[in-house]
Amino acid sequence: MRAWIWRVGVSLVLGLSLSAMVARAQGGYRIALPVVLKAGTVFFGPVHSGDGTYYDANGDGNCMFGPSPSDLMVAAMNQTDYNNAALCGAFVQATGPKGSVLVRIVDRCPECPAGDVDFSPQAFALIADLPQGRVPITWRLASPELNGPVAYRLKEGSNPWWTAVQVRNHRNPIAALAYLASNGQYVNVPRYDYNYFVQTSGMGPGPFTFRITDVFGNMLIDSNIPLSPGIVTPGSGQFPPAP
């Protein structure tokens, strides 16, 4: 697989909401869950405030990443900021009465007001004592160094006539995904709230070339991604840190 990365001309004002940034802007492999190298973490965007709570998280959820028992620094985002899965796989640094924690967004909290984050117990315990249950927090989006490249997973049931693809292990939030059609043109694929980009008319038999764009306008292109539903296939590159 080959990958290219470049930055397109997208201006970014850190005070913008993520939704505004998004608007502008063969064989099986096992991909290890991201290991965060905190020394390389860059924070960006506005500081949000709300309440922090916790639930019995296992790494699975509305983002459909599947359970991650070896990585429970995870959380569910409130419905507003979840924003149709725009924050799935994104990293958030949250601060509470006891300290700070870096978590990966894997789920949504439909009943949570804007600004709230629902953590795993393991993550919550780093910002407050568990008996407190609910505490005031602030949080920002984060762009941490990750081990390995981005990866792609085609949803079970994908075929040449209905194709759904998910992006995993991405340093920055994903703004868009497109595939290279048989006519040589890229076709933008709509994202669904369960964190798959779904082409309801299908993308053909594969293998595919995908172009993904992060919220800063950085692009990665990966080729020879097979039509292998349920299999995670690594790309060849990773996004740069947030500017």
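Residues numbered from 1 in each chain as written. Predicted model: local features only at pLDDT ≥ 70, side-chain atom pairs only at ≥ 80, totals over all residues. Heavy atoms only, no water.

**Focus: the overall build of the protein chain**
Then, in step 1: When you go through the protein chain residue by residue, the secondary structure sums to three helices and 15 strands.
Then, in step 2: Classification of the 243 residues of the protein chain by burial places 51% in the buried group.
Then, in step 3: Here the protein chain has roughly 10,300 Å² of accessible surface; of this, 54% comes from carbon and sulfur atoms. (Helix = DSSP H or I, 4+ residues; strand = E, 2+ residues; numbered from the N terminus. Buried < 20%, exposed > 50% of the residue type's maximum accessible area, 1.4 Å probe, protein only. Areas by Shrake-Rupley, 256 points an atom, 1.4 Å probe, with all protein chains shown as cover.)

**So, the nonpolar core**
Then, in step 1: The biggest cluster of nonpolar side chains holds 36 residues, and the ones touching the most others in it are Met77, Phe119 and Trp139.
Then, in step 2: Where this core is concerned, the elements lending two or more residues are β3 (74-78), β4 (91-95), β5 (100-109), β6 (117-119), α3 (121-124) and β7 (135-145).
Then, in step 3: The dominant element in this core, judged by the number of residues it contributes, is β5, at five residues. (Core = buried A, V, L, I, M, F, W, Y, C linked by side-chain atoms within 4.5 Å.)

**Points about the sheet that holds strand β9 (residues 163-168)**
Then, in step 1: Ordered by their spatial adjacency, four strands build an open sheet running β12-β9-β8-β15, and the pairing between neighbours is antiparallel. In the strand order of this sheet, the two ends are held by β12 (197-199) and β15 (232-234), each with one partner. Shown here is a sheet whose adjacent strand axes are inclined to one another by a mean of 25 degrees, direction ignored. (Pairing = 2+ DSSP bridges. Axes fitted to C-alpha atoms, helices over the stretch in contact; angles between N-to-C directions.)

**Let's talk about the packing of aromatic side chains**
To describe a pair of aromatic rings, one takes the distance between the centres and the angle between the planes.
Then, in step 1: Applying the stated criterion across every chain yields a total of six aromatic pairs.
Then, in step 2: Taking 5.6 Å as the distance between ring centres and 25 degrees as the angle between the ring planes, the aromatic pair formed by Phe208 and Phe210 counts as stacked. Accessibility assignment for this pair places Phe208 and Phe210 in one class, buried.
Then, in step 3: Clustering of aromatic rings is evident, with ring pairs tying together Tyr152, Phe208 and Phe210.
Then, in step 4: Geometry around Tyr196 places Lys155 over its ring, the cationic atom sitting 6.0 Å from the centre. (Phe/Tyr/Trp six-rings, centres within 6.5 Å; stacked < 30°, edge-to-face > 60°. Lys NZ or Arg CZ within 6 Å of the ring centre and 35° of its normal.)

**Overview of the pattern of salt bridges**
Then, in step 1: Evaluated as defined, the whole model comprises five salt bridges.
Then, in step 2: Between Asp116 and Arg134 there is a salt bridge, with its nearest N and O atoms 3.9 Å apart. Within this pair, whereas Asp116 is found in the loop between β5 and β6, its partner Arg134 is found in the loop between α3 and β7, the two being separated by 18 residues in sequence.
Then, in step 3: A salt bridge links Arg153 to Glu156; the nearest nitrogen and oxygen atoms lie 2.4 Å apart.
Then, in step 4: Judged by its relative accessible area of 12%, Arg153 is buried.
Then, in step 5: Given a relative accessible area of 45%, Glu156 falls into the partly exposed group.
Then, in step 6: Connected via shared salt-bridge partners are Asp51, Asp116 and Arg134. (Salt bridge = Lys/Arg side-chain N within 4 Å of Asp/Glu carboxyl O.)

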